[in-house]
Amino acid sequence: MTDIELISDSRCFEGHQRTYRHESSACGCPMQFAVYLPPAADKGPVPAVYWLSGLTCTEENFSIKSGAQRYAAELGLALIIPDTSPRGLDIPGENEQIDLGTGAGFYVNATEAPWAPHYRMYDYVSKELVDVVNANLPVDPGRKSISGHSMGGHGALLVGTRNAEQYRSISAFSPISSASRSEWGRNALGAYLGPDEQAWLEYDACEVIRSSPSGHQLLVDQGTADPFLDQLRPDLLKEACAAAGQRLDLRERAGYDHGYYFVGTFIGEHLRFHAAALDA
C-alpha cells in the first residue's frame, strides 16, 4: 500500500513543501507526513533526512517552526517528517494525556490492548514510511539519515541505532535518552507494552546503545536551561555511550531551553552534519 495523496504543496526556497496522506498498513488507518523537496530534486534523486517530532506534535510543527528548509535547499536534502501517532481512532483515553495516545506514539510497536492494532510507530517510521517515500518521491534509497527532537530524539536514537546499517548519520535535539527511566516514557511504555519492564528495554535508547552500539558518531544538542532535564536525562546517555564505546558528541548549549527557538538555532549545523555523511 504505497499510493499517496497530495494534500498541500507550497513553493519554498525554490523547492516544495508538501503534505501527503496515505493508508497505513502498520497503523491500520490514514497517516499524514510532510516533505520538503529541495530544488535539486527537480533534476534527480536526492538524499533524505527523516525528522521525528516530539510529544503533542503533528507533521506541521517542524515544517513551520524550524527554518530547516533554507538549509535543506542549499544542501540538496529532502526532509521527511511523519506525524507522531495515529489520529482519530476513538480509543478510550487517547486524548486525555500529553504523554499517551494522540501525539505520543513514542516510536514503539504496542503489544497491549487497545493500542496494539494501531500504535505501531516503530514499524511505520523504520519500514513502511521509508517504502512509501522511496516508491513515490525523488529520493535516493541508499542515502538517508535520521534526526528528531525530545520524544522524536528518543525515536531517532532508537530507530537509527537499531537499524544502523540503514542510516548514514544520527542526531537529536533534547532527546528522552532513557524512556524506561523517564516518567513520560514509563507512562507510555507501560500502557503500550504492559507491566513487564524488561519488555520496555528494546525501546530504550540507552539500553539499545549499551547492547548494540552503532558505528556512527551521534550528534546531540541539549540546552542547559531546558526545564525537562529530569525527563530527558542526558547524563544517562553519556554513561551508556561511555560504557558501550559508542561515539557521542553531546553539546550542552548554555541558556537554551526545550523549544523550537533552540532547534531553529542549531538545525543548520545538524543538517550540514547529515549532508557530509550523505555525500560520503
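Nothing here was measured: the structure is a model prediction, and the numbers come from that model. (Residues numbered from 1 in each chain as written. Predicted model: local features only at pLDDT ≥ 70, side-chain atom pairs only at ≥ 80, totals over all residues. Heavy atoms only, no water.)

## Comments concerning the sheet that holds strand S5 (residues 78-82)
Within the open sheet, the six strands sit side by side as S1-S2-S3-S5-S4-S6. Their pairing is mixed. The open sheet terminates on both sides in strands that have one partner only, identified here as strand S1 (5-12) and strand S6 (139-148). Each neighbouring strand pair of the sheet contributes to a mean axis angle of 20°, computed without reference to strand direction. In terms of strand pairing, strand S3 (residues 29-37) meets S5 through four bridges, oriented antiparallel. Directly across from Ala-34, in S5, lies its bridge partner Ile-81. Running over the sheet, helix H9 (residues 260-278) touches strand S4 (46-52), S5 and S6 and is turned about 145° from S4. (Pairing = 2+ DSSP bridges. Helix = DSSP H or I, 4+ residues; strand = E, 2+ residues; numbered from the N terminus. Axes fitted to C-alpha atoms, helices over the stretch in contact; angles between N-to-C directions. Contact = heavy atoms within 4.5 Å.)

## Here we look at the environment of Ala-72
Checked against the element boundaries, Ala-72 lands in helix H2 (residues 68-75). Considering only alpha carbons, one finds Ala-72 and Glu-183, 111 residues apart in sequence, at a separation of 35 Å.

## Here's the deal with the layout of surface pockets
By volume, the largest pocket amounts to about 250 Å³. In terms of lining residues, the largest pocket is bounded by 14 residues, among which Leu-55, Thr-56, Cys-57, His-149 and His-258 are the most central. For the lining of the largest pocket, the residue count by class is six nonpolar, seven polar and one charged. (1 Å grid on protein atoms, 1.4 Å probe; cavity = no way out; pocket = protein on both sides within 12 Å on 5 of 7 lines; lining within 4 Å. Points joined across faces, edges and corners; volume = space filled by probe spheres on them. Nonpolar A, V, L, I, M, F, W, Y, C, P; charged D, E, K, R; others polar.)

## Some details on the pairing of S5
Counting buried positions along S5 gives five out of five residues, so the element sits mostly inside the fold. On S5, burial covers both faces: Ala-78, Ile-80 and Pro-82 on one face and Leu-79 and Ile-81 on the other are all buried. Relative to S5, S4 runs parallel, the two sharing three bridges. Each residue of the ladder has a partner; that of Ala-48, found in S5, is Ala-78. (Buried < 20%, exposed > 50% of the residue type's maximum accessible area, 1.4 Å probe, protein only.)

## With respect to the packing of H2 against H9
Between H2 and H9, whose axes approach to 9 Å, the crossing angle comes to 25°. Here H9 runs roughly parallel to H2, going by the angle between their axes. Like other packed secondary-structure pairs, H2 and H9 cross with a definite hand, here right-handed. Touching Ala-68, Tyr-71, Ala-72 and Leu-75 of H2 are Ile-267, Gly-268, Leu-271, Arg-272 and Ala-275, all from H9. Across the contact of H2 with H9, the residue classes tally to seven nonpolar, one polar and one charged. (Parallel < 35°, antiparallel > 145°, perpendicular 65-115°, else oblique. Left-handed = near helix turned anticlockwise from the far one by under 90°.)

## Concerning the pairing of S1
Across a regular strand the side chains alternate sides, sitting on one face of the sheet and then on the other. Bridging between S1 and strand S2 (residues 15-24) involves seven bridges; their strand directions are antiparallel. If you follow Glu-5 over to S2, its bridge partner there is Arg-21. The turn linking S1 back onto S2 is made up of two residues, and Phe-13 within it adopts a positive phi angle of 50°.

## Focus: the side chain of Arg-18
Within the secondary structure, Arg-18 is located in strand S2. Classification of Arg-18 as buried rests on a relative accessible area of 19%. A polar contact of 3.2 Å, which involves the side chain of Arg-18, links it to the side chain of Asp-9. Filtering out sequence-adjacent residues up to four positions away, Arg-18 remains in contact with Leu-6, Ser-8, Asp-9, Phe-33, Ala-34, Val-35 and Leu-37. (Polar contact = N/O pair within 3.5 Å; in protein donor to acceptor, adjacent residues only side chain to side chain.)

## Quick look at the sheet that holds strand S9 (residues 247-253)
Judged by pairing direction, the sheet is parallel, and its three strands sit side by side in the order S7-S8-S9 without closing on themselves. Each of the sheet's edge strands pairs with one partner strand only, and the pair in question is strand S7 (171-173) and S9. Direction aside, the axes of adjacent strands within the sheet are offset by 10° on average. Taken together, the seven bridges between strand S8 (residues 217-223) and S9 define a ladder with parallel strand orientation. Among the inter-strand pairings, Gly-223 is bridged to a residue of S9, identified as Arg-253. Contacts between H9 and the sheet are confined to S7, S8 and S9, with S7 contributing the most and set at about 175° to the helix.

## A short note on the pattern of salt bridges
Enumeration over the complete set of coordinates arrives at 17 salt bridges. For the salt bridge of Arg-18 with Asp-9, the shortest nitrogen-to-oxygen distance reads 3.2 Å. When the shortest N-O distance is used, the salt bridge between Asp-235 and Arg-233 registers 2.8 Å. A relative accessible area of 27% means that Arg-233 is categorised as partly exposed. (Salt bridge = Lys/Arg side-chain N within 4 Å of Asp/Glu carboxyl O.)

## Here we look at the nonpolar core
A general trend in soluble globular proteins is that nonpolar side chains are found buried together. Ranked by size, the top nonpolar core spans 65 residues in total, and within it Phe-33, Phe-106, Tyr-124 and Tyr-192 carry the most contacts. Here this core gets eight residues from one element, more than from any other, and that element is helix H3 (residues 121-136). Discounting residues that sit within four places of it in the chain, Tyr-192 has contacts with Leu-100, Gly-101, Ala-104, Gly-105, Phe-106, Val-108, Ala-110, Thr-111, Glu-112, Trp-115 and Tyr-119. Within the second largest apolar cluster, 21 residues are counted, among which are Ala-72, Leu-79, Ile-267 and Ala-275. (Core = buried A, V, L, I, M, F, W, Y, C linked by side-chain atoms within 4.5 Å.)

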